[in-house]
Amino acid sequence: MPKNFSATVAIAAMASPAGASERVTLSLDGTWEVAEGISPTDMPERYDHRAPVPALTHSATPGFPGIDEFQTPEYQVVRGLIGLPREDRAYDGPAGTAAHPRNYFWYRTSFEAPSPRAAATLEVRKAQFGSEVWVNGVRVGGNDSGFTAAHYDIAKAIRWSGRNDVLIRIGANPNMLPPGNTAIFDFEKVKWTPGIWDSVLVHFNDSASIVSTQVAPQIEPRQIVVQTKLRNTTGASLSFAFSHIVRARADGTVIAEISQPVSLIAGEERTITETIALPGAELWSQETPNLYMLETSTGGDNNSVRFGMREFRFDTLTRRAYLNGKPIFLRGGNICLHRFFDDENAGTLPWQDDWVRKLLGPIPRKMSWNTVKFTIGPVPQKWLDIADEEGLLVLYEFPLWTLYPDATQGYTKSLDVDALREEYRSWLSDNWNHPSIVYWAASLESKLPAEQSSDIIAEMRKLDLSGRPWGNSWNAPQGPHDPHEYKQYLSIDPTFDMTQLESGSGVRRASYDPPTGHTGLITEFDWLWLHRDGTPTPYTKALWEKLSKPGAPIEDRFKTQAYLLAGQIEYWRAHRNYAGVIYLSYLSEGWVVDNFRDVENLKFQPYYEEFVGNAFKPLGVYLNFWQPALEIGAARKFDIMMVNDEDGPTTGVLSLILEDAEGKVVGRASRPYEIEAYGQMTYPLTLSLPEVEGEVTLSATAIPAGAEAEDTTVSRRFFKLVAKGGLADLHPSPEATKSVEAGGQFDVER
């Protein structure tokens, strides 16, 4: 290895009681040398490329040709489902066929070790597709996962007080993983990019090592349950003071301390569970994301775990979600990070702190979102740290998606149940201390046998001391208070018309949904996707051929998309049948895309913030009207549905305002409103329509008493005023009288 090359190394000494030995952590994040290869054992002689860690290998300089190109059978299935040519073929490996003959990438760096310590551990948080690790030419282990952390004992390979070489071999594509393993796979993903995509760390400590710590908060009484796994890595018995200190993260104030004597024989591993009272601890929430640090010491090792005091649950009786004992209605969007990796503009954005913080903090607050769902692929640990700090609730999904044979033209996915179970364990232990994570989703859109779904959930539930609820995809909920996720794709039905919403009840169950009375969550809806340049995706091409006017500007298409999406958000929220309304997708690329026009600067498409931002406000307004035209000169009653997601009552004025194409007010009606905490009300307002033909905008506007301008909520409808008797000339479609439970779309582009 060239002497002038090493990763950018940061040294962090973990906080510990005075006089105790400290754990020292080196970060190996930075620029690594990279080479490609075919053999799993023949190490490269030259490393002519450089790549950032953490990131994906497509960010290497110079680049590797064809690095992302990999054809999967899942992708061919989804092409067939929407009528595109399906290329059934023999694949080169269990997961598909690569466009380039390489099998592996080899990453190399070095670090300087301190003076001798009792233990040394290398942590590789995430590397796809699978990894093998060598230190100073000695193989120290491997990991057949692409999305969970691996920890390697490197004490026997290390050169103390000297230079140490680290070599990590990763699979170049999913074929390098064992058949049946639970690697991320995705029917709609086009590119498959390898990389060491989370941090790499080296830890040094003495005597009894702290292997892991789980902190489970309880708010009544205010306390935490702490489960610590200890290991004596020495050849002799050890006796030591095992202690915990709890500090406020903001100012370091100590709020609790406990200690007990512990003895471990040589090589012993023991798990110790304790309860620490925290009577003065502040709760964690979106408004006040208070965080605390648990500092644990054995006298030879110490670590620090961040946590928040919060409890989250669903309740089957009320069909509501509860945060810290209060109802909460979940509002937000999905983040498909691994699909966003395919975006030509993604680059290293997902590893830039400022970009991620804006994505998970200021934008959700501006859009009135309190929740995101990380779907079809995990995220780097830094993302979860930021979600903790920003008070953002996270629905976290295990990356398993199989659909079912009847829906996939006979396609099936074979899974190694033992490997699946081990992946779930690792996934939980990597993430369970994050207060932002309030829910585990065991899979996405999958009908699975019990041994691959319900049985595993029951086993994993026992491991999570916080008792988070679980989602079981298209299988029945496993626990008595687990919710069920619904996918409400109205626009997928070509006969759907938005006028059907006027007679809808706000409930819809598809044939693949199990019959259940548990809490319902809408975690996907939209089917209106447009690329950043305004072109439809393969899923929405036929829809936009119907919606788009020939020659209309792209901005008109974005306006139609935002308008229809906002209307559906209003509709699903207004009927109060679901504990959450989460749309797809806040961040994504490919067949299902997001609403960013400029993703590097996180700027939305035109009209998105205006329409969708209003639709998600805690004070929700839904104008239950979707007719394309009304006759002039008549008096018309309009029903306005309102919801209050806040924990206090709200009062104010509700107005209907009719404007002509020039923005002139041509009709108005108002009345007071009053809605209790978490409540819903429907108010009728009658409006006299003017004797003027033409295009008009009808706005239902709620202005809370004493509110600022940003607290006003608006629901808009665009339609035409036509001459008396003119409605007969519009030839309404017979589908307009169908129930919304049938499912589709309505052309409102102007």
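Above this text you will find the structure in question.
Just so we're clear, the structure is a prediction, and the values are computed from it rather than from any experiment. (Residues numbered from 1 in each chain as written. Predicted model: local features only at pLDDT ≥ 70, side-chain atom pairs only at ≥ 80, totals over all residues. Heavy atoms only, no water.)

(A) Fine view of the overall build of the chain. Summing up its helical and strand segments, the chain has ten helices and 45 strands in all. For 750 residues, the compact-globule estimate of 2.2 N^0.38 gives 27 Å, and the chain sits close to it at 28 Å. Across its three principal directions, the C-alpha atoms of the chain cover 95 × 60 × 45 Å. Here the chain holds 750 residues, and 60% of them are scored as buried. Split by element, the accessible area of the chain, about 28300 Å² in all, is 50% carbon and sulfur. Taking the 71 positively charged and 96 negatively charged side chains of the chain as two groups, their mean positions are separated by 1 Å. (Helix = DSSP H or I, 4+ residues; strand = E, 2+ residues; numbered from the N terminus. Rg over C-alpha atoms; globule rule 2.2 N^0.38 Å. Buried < 20%, exposed > 50% of the residue type's maximum accessible area, 1.4 Å probe, protein only. Areas by Shrake-Rupley, 256 points an atom, 1.4 Å probe, with all protein chains shown as cover. Lys, Arg positive; Asp, Glu negative; His and termini not counted. Charge placed at Lys NZ, Arg CZ, Asp CG, Glu CD.)

(B) Spatial organisation of the pattern of salt bridges. For the structure on display, the rule yields 47 salt bridges. Linking Asp-388 and Arg-306 is a salt bridge whose minimum nitrogen-to-oxygen distance equals 3.7 Å. With Asp-388 in helix α5 (residues 381-390) and Arg-306 in strand β22 (residues 302-307), the pair connects residues that are 82 residues apart, well separated along the chain. The buried category is assigned to Asp-388, whose relative accessible area is 2%. (Salt bridge = Lys/Arg side-chain N within 4 Å of Asp/Glu carboxyl O.)

(C) Looking closely at the sheet that holds strand β40 (residues 635-644). One open sheet holds the three strands; their spatial order is β38-β40-β43, and the pairing between them is antiparallel. Single-partner strands in this sheet number two, and they are β38 (619-623) and β43 (680-688). Ignoring strand direction, the axes of neighbouring strands in this sheet form an average angle of 25 degrees. (Pairing = 2+ DSSP bridges. Axes fitted to C-alpha atoms, helices over the stretch in contact; angles between N-to-C directions.)

(D) Seen up close, the nonpolar core. Grouped together as the largest cluster of nonpolar side chains are 112 residues, with contacts concentrated most on Ile-335, Trp-355, Leu-359, Phe-374, Trp-383, Tyr-424 and Tyr-586. Sort the elements by how many residues they give to this core and helix α9 (residues 554-574) lands first, with ten residues. Setting aside anything within four residues of it in sequence, one finds Trp-355 in contact with Phe-340, Leu-349, Pro-350, Trp-383, Leu-587, Val-599, Glu-600 and Leu-602. (Core = buried A, V, L, I, M, F, W, Y, C linked by side-chain atoms within 4.5 Å. Contact = heavy atoms within 4.5 Å.)

(E) Examining the packing of aromatic side chains more closely. Scanning all chains against the criterion turns up 53 aromatic pairs. With a centroid separation of 6.3 Å and 50 degrees between ring planes, the pair formed by Phe-111 and Phe-204 is classed as tilted. With Phe-111 in strand β7 (residues 104-112) and Phe-204 in strand β15 (residues 200-205), this residue pair connects regions lying 93 residues apart in the sequence. You'll find Phe-111 and Phe-204 in the same group, each marked buried. Measuring from centroid to centroid gives 6.2 Å for Phe-611 and Phe-718, while their planes differ by 80 degrees, and the two rings are edge-to-face. Taken as a pair, Phe-611 in helix α10 (residues 608-615) and Phe-718 in strand β45 (residues 713-722) lie far apart in primary sequence, 107 residues in all. You'll find Phe-611 and Phe-718 in the same group, each marked buried. Members of the aromatic cluster, connected to one another through ring pairs, are Phe-147, Phe-340, Trp-355, Phe-374, Trp-383, Tyr-396, Phe-398, Tyr-424, Trp-427, Trp-440 and Trp-470. Taking NZ or CZ as reference, Lys-189 lies 5.6 Å from the ring centre of Trp-192, over its face. (Phe/Tyr/Trp six-rings, centres within 6.5 Å; stacked < 30°, edge-to-face > 60°. Lys NZ or Arg CZ within 6 Å of the ring centre and 35° of its normal.)

(F) View of unusual backbone geometry. A cis amide bond links Thr-61 to the next residue, Pro-62, at an omega of -10 degrees. With an omega dihedral of 15 degrees, the bond running from Gln-128 to Phe-129 counts as a cis peptide bond. Secondary-structure assignment places Phe-129 in the loop between β9 (127-128) and β10 (131-135). Located in the positive-phi region is Asn-324, a residue other than glycine, with phi close to 55 degrees. A relative accessible area of 14% places Asn-324 in the buried class. For Leu-403, which is not glycine, the phi torsion reads 55 degrees and is therefore positive. Of note, Leu-403 is situated in strand β29 (residues 401-403).

(G) Structural view of the pairing of strand β19 (residues 254-264). Sheet topology note: the strand β18 (residues 238-248)/β19 ladder contains ten bridges and is antiparallel. Note that in β19 the partner of Ser-239 across the bridge is Ser-263. Counting the residues in the hairpin turn of β18 and β19 gives five residues, including Gly-252, whose phi is positive at 80 degrees.

(H) Main features of a nonpolar patch on the surface. There is a patch of nonpolar side chains on the surface, built from Leu-81, Ile-82 and Leu-84 and spanning about 200 Å² of accessible area. Overall, the relative accessible area of 31% leaves Ile-82 in the partly exposed class. (Patch = residues over 30% accessible without salt bridge, like charges linked within 9 Å, V, L, I, M, F, W, Y side chains within 5 Å.)

(I) Region of the structure containing helix α7 (residues 454-463). Taken residue by residue, α7 has Ile-456, Ile-457 and Met-460 as its buried positions. Taken down its axis, α7 places every buried residue within 100 degrees of arc, on the same side. As for α7, its buried residues are in contact with α6 (417-431) and β32 (470-471). (Arc of directions from axis to C-beta.)

(J) The arrangement of the sheet that holds strand β24 (residues 320-323) in detail. Pairing within the open sheet is antiparallel, and its three strands lie in the order β23-β24-β25. Bordering the open sheet on either side are β23 (312-315) and β25 (326-328), each of which pairs with just one other strand. Ignoring strand direction, the axes of neighbouring strands in this sheet form an average angle of 40 degrees. Note: β24 against β25, three bridges, orientation antiparallel.

(K) The arrangement of the packing of α9 against α10 in detail. One way to put it is that α9 packs onto α10 with a least axis distance of 8 Å and a crossing angle of 5 degrees. Here α10 runs roughly parallel to α9, going by the angle between their axes. Of the residues in α10, those in contact with Lys-559, Ala-562, Tyr-563, Leu-565, Ala-566, Ile-569, Glu-570 and Arg-573 of α9 are Tyr-608, Phe-611, Val-612 and Ala-615. Its residues placed into classes, the contact of α9 with α10 shows nine nonpolar, no polar and three charged. (Parallel < 35°, antiparallel > 145°, perpendicular 65-115°, else oblique. Nonpolar A, V, L, I, M, F, W, Y, C, P; charged D, E, K, R; others polar.)

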